Amino acid sequence: AVCSSGCVCPEGLFDDGRGGCVEEKDCPCIHNNQWYSSGEDLTVDCNTCTCQKGVWSCTENVCYGTCMIYGSGHYITFDGKFYDFDGSCEYVATQNFCGDKNSSGSFSIITENVPCGTTGVTCSKSIKVFLGNTELKLEDKDYKEVQRDIGDDVHYWNRTVGLYLVIEASNGVMLIWDKKTTVFIKLTPDYKGKLCGLCGNFDDKANNDFTTRDGLQETSALKFGNSWKHSSTCPDVTEEIEPCDLNPHRKSWAEKECSIILSDVFKICRSKVYPNPFYDACVHDACSCDTGGDCECFCSAVAAYAQECSKAQACVYWRTPDIC
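Everything numeric here is computed off the predicted structure, so don't read it as measured data. (Residues numbered from 1 in each chain as written. Predicted model: local features only at pLDDT ≥ 70, side-chain atom pairs only at ≥ 80, totals over all residues. Heavy atoms only, no water.)

Looking at the packing of aromatic side chains
Aromatic ring pairs are reported here in terms of the distance separating the ring centres and the angle at which the planes meet.
Line of reasoning, step 1. Per the counting criterion, the structure on display carries 14 aromatic pairs.
Line of reasoning, step 2. Note on Phe107 and Tyr191: the rings are 5.2 Å apart at their centroids and 75° apart in plane angle, and the pair reads as edge-to-face. Placement of the pair is Phe107 in strand β12 (residues 107–115) and Tyr191 in the loop between β19 (183–187) and α1 (221–227), with a sequence separation of 84 residues.
Line of reasoning, step 3. Take Phe107: its relative accessible area is 0%, and that puts it in the buried class.
Line of reasoning, step 4. With a relative accessible area of 8%, Tyr191 lands in the buried category.
Line of reasoning, step 5. Measuring from ring centre to ring centre gives 5.1 Å for Phe278 and Tyr305, while their planes differ by 40°; the resulting arrangement is tilted. Here Phe278 is found in helix α5 (residues 276–288), whereas its partner Tyr305 is found in helix α6 (residues 294–311), with 27 residues between them in sequence. Tyr305 carries the same exposure label as Phe278, and that label is buried.
Line of reasoning, step 6. Joined through ring pairs, the aromatic side chains of Tyr70, Phe82, Phe266, Phe278 and Tyr305 make up one cluster.
Line of reasoning, step 7. For Lys81, the ring lying beneath its charged end belongs to Phe210, and the centroid distance is 4.6 Å. (Phe/Tyr/Trp six-rings, centres within 6.5 Å; stacked < 30°, edge-to-face > 60°. Helix = DSSP H or I, 4+ residues; strand = E, 2+ residues; numbered from the N terminus. Buried < 20%, exposed > 50% of the residue type's maximum accessible area, 1.4 Å probe, protein only. Lys NZ or Arg CZ within 6 Å of the ring centre and 35° of its normal.)

Here is the structure:
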């Protein structure tokens, strides 16, 4: 145990677990196999934890939820469920119009997915955001606004941060777009449990995220994804695509490039963000992007992992003149 009194240390001092004896107020804390001294802070999502006498004491802010859609058909829901879905259509990413009779929804976000590469995988080409009586369309590295004649006024503002375009609205909806195939949807905690679509329901449980438009629990990503088509005229997706099986000549190149995620470059992040789903997604994308844009697909996949790392307070400087 951390900081035990016992027969190792003199009366009144505690074994700090690292071979030393300290006063109780100087007991260290442990997190992800790393030691922190008494008084040190750690940020977890939007909360700060302070090490006090060997025990973490944390603030209890309720944090924004984030859903991420990136590369060729990868989704991470608000509740942290990873899955892949390759459909060529417009889909409801998230909305708060969810079939409850008395709920008047205030927003809806639609992703238009199109084939990228010859294997049939799809990427998000454009995003439509309906905020009250405003529709925003994000595509071709830019966005435009269309006024609709229904709905309330919802104010929004936009800014550019590094590579990303950020749209923030007064109703607690925020969108971060890399102007290519990655979009982060961030929502305030007021929306917990009130959402539906490909991003799940934001109720802090990942196991019920595959709720279809009819409110049924599904186990298959295909049935779940198909139910959120924006237009019923698109065909259903019937099989999961394995691009490395269809492009076997690209597989070893993909594995070699993507191994950066498992390499020492990302060492400080690995204990905080499990890398394997991001590595698998990277290999999948590097195999499937066979109509040019090789590097863009690979770079977006690594950037998705790097982004999760920086959210977990592990900044990784992975871009070099040779890599992305």
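Remarks on the state of the cysteines
Line of reasoning, step 1. Summed over all chains, the structure comprises 13 disulfides.
Line of reasoning, step 2. Two residues share a disulfide in this structure: Cys289 and Cys297, whose sulfurs sit 1.8 Å from each other. One quick way to see it: the torsion about the S-S bond of Cys289 and Cys297 is about -85°, and its sign makes the bridge left-handed.
Line of reasoning, step 3. In this structure Cys289 comes out as buried when scored by relative accessible area, which is 4%.
Line of reasoning, step 4. One disulfide in the model links Cys299 with Cys324; its S-S distance is 1.9 Å. The disulfide joining Cys299 to Cys324 has a torsion of about -95° about its S-S bond and is therefore left-handed. Taken together, the residues Cys299 in helix α6 and Cys324 in the segment after α6 connect sequence positions 25 residues apart.
Line of reasoning, step 5. For Cys299, a relative accessible area of 12% translates into the label buried.
Line of reasoning, step 6. The closest cysteine sulfur to the non-disulfide-bonded Cys295 is located on Cys299, 5.7 Å from its own sulfur.
Line of reasoning, step 7. Its relative accessible area of 53% is what places Cys295 among the exposed residues. (Disulfide = S-S within 2.5 Å.)

Here's the deal with the pairing of strand β7 (residues 55–58)
Line of reasoning, step 1. Direction of pairing for strand β6 (residues 47–52) relative to β7: antiparallel, over a ladder of four bridges. The residue of β7 that forms the bridge with Cys51 is Trp56.
Line of reasoning, step 2. Between β6 and the antiparallel strand that follows it, β7, lie two residues; Lys53 among them carries a positive phi value of about 50°. (Pairing = 2+ DSSP bridges.)

Notes on the domain arrangement of the protein chain
Line of reasoning, step 1. In terms of domain boundaries, the protein chain breaks down into domain 1 (13–58), domain 2 (65–227) and domain 3 (243–312).
Line of reasoning, step 2. Taking only C-alpha atoms, the centre of domain 1 and the centre of domain 3 are 34 Å apart. (Domains from an automatic or database assignment.)

Thoughts on the environment of Gln307
Line of reasoning, step 1. Relative to the helices and strands, Gln307 resides in helix α6.
Line of reasoning, step 2. Judged by its relative accessible area of 25%, Gln307 falls in the partly exposed class.

Here we look at the packing of α5 against α6
Line of reasoning, step 1. The contact between α5 and α6 brings their axes to 8 Å, and the two run at 165°. Of the possible angle classes, the one that applies to α5 and α6 is roughly antiparallel. The two elements α5 and α6 meet at a crossing, and its hand is right-handed. Facing α5, whose interface residues are Phe278, Cys282 and Asp285, α6 presents Cys297, Phe298, Ala301, Val302, Ala304, Tyr305 and Glu308.
Line of reasoning, step 2. A breakdown of the residues in the contact of α5 with α6 according to their chemical character gives eight nonpolar, no polar and two charged. (Axes fitted to C-alpha atoms, helices over the stretch in contact; angles between N-to-C directions. Parallel < 35°, antiparallel > 145°, perpendicular 65-115°, else oblique. Left-handed = near helix turned anticlockwise from the far one by under 90°. Contact = heavy atoms within 4.5 Å. Nonpolar A, V, L, I, M, F, W, Y, C, P; charged D, E, K, R; others polar.)

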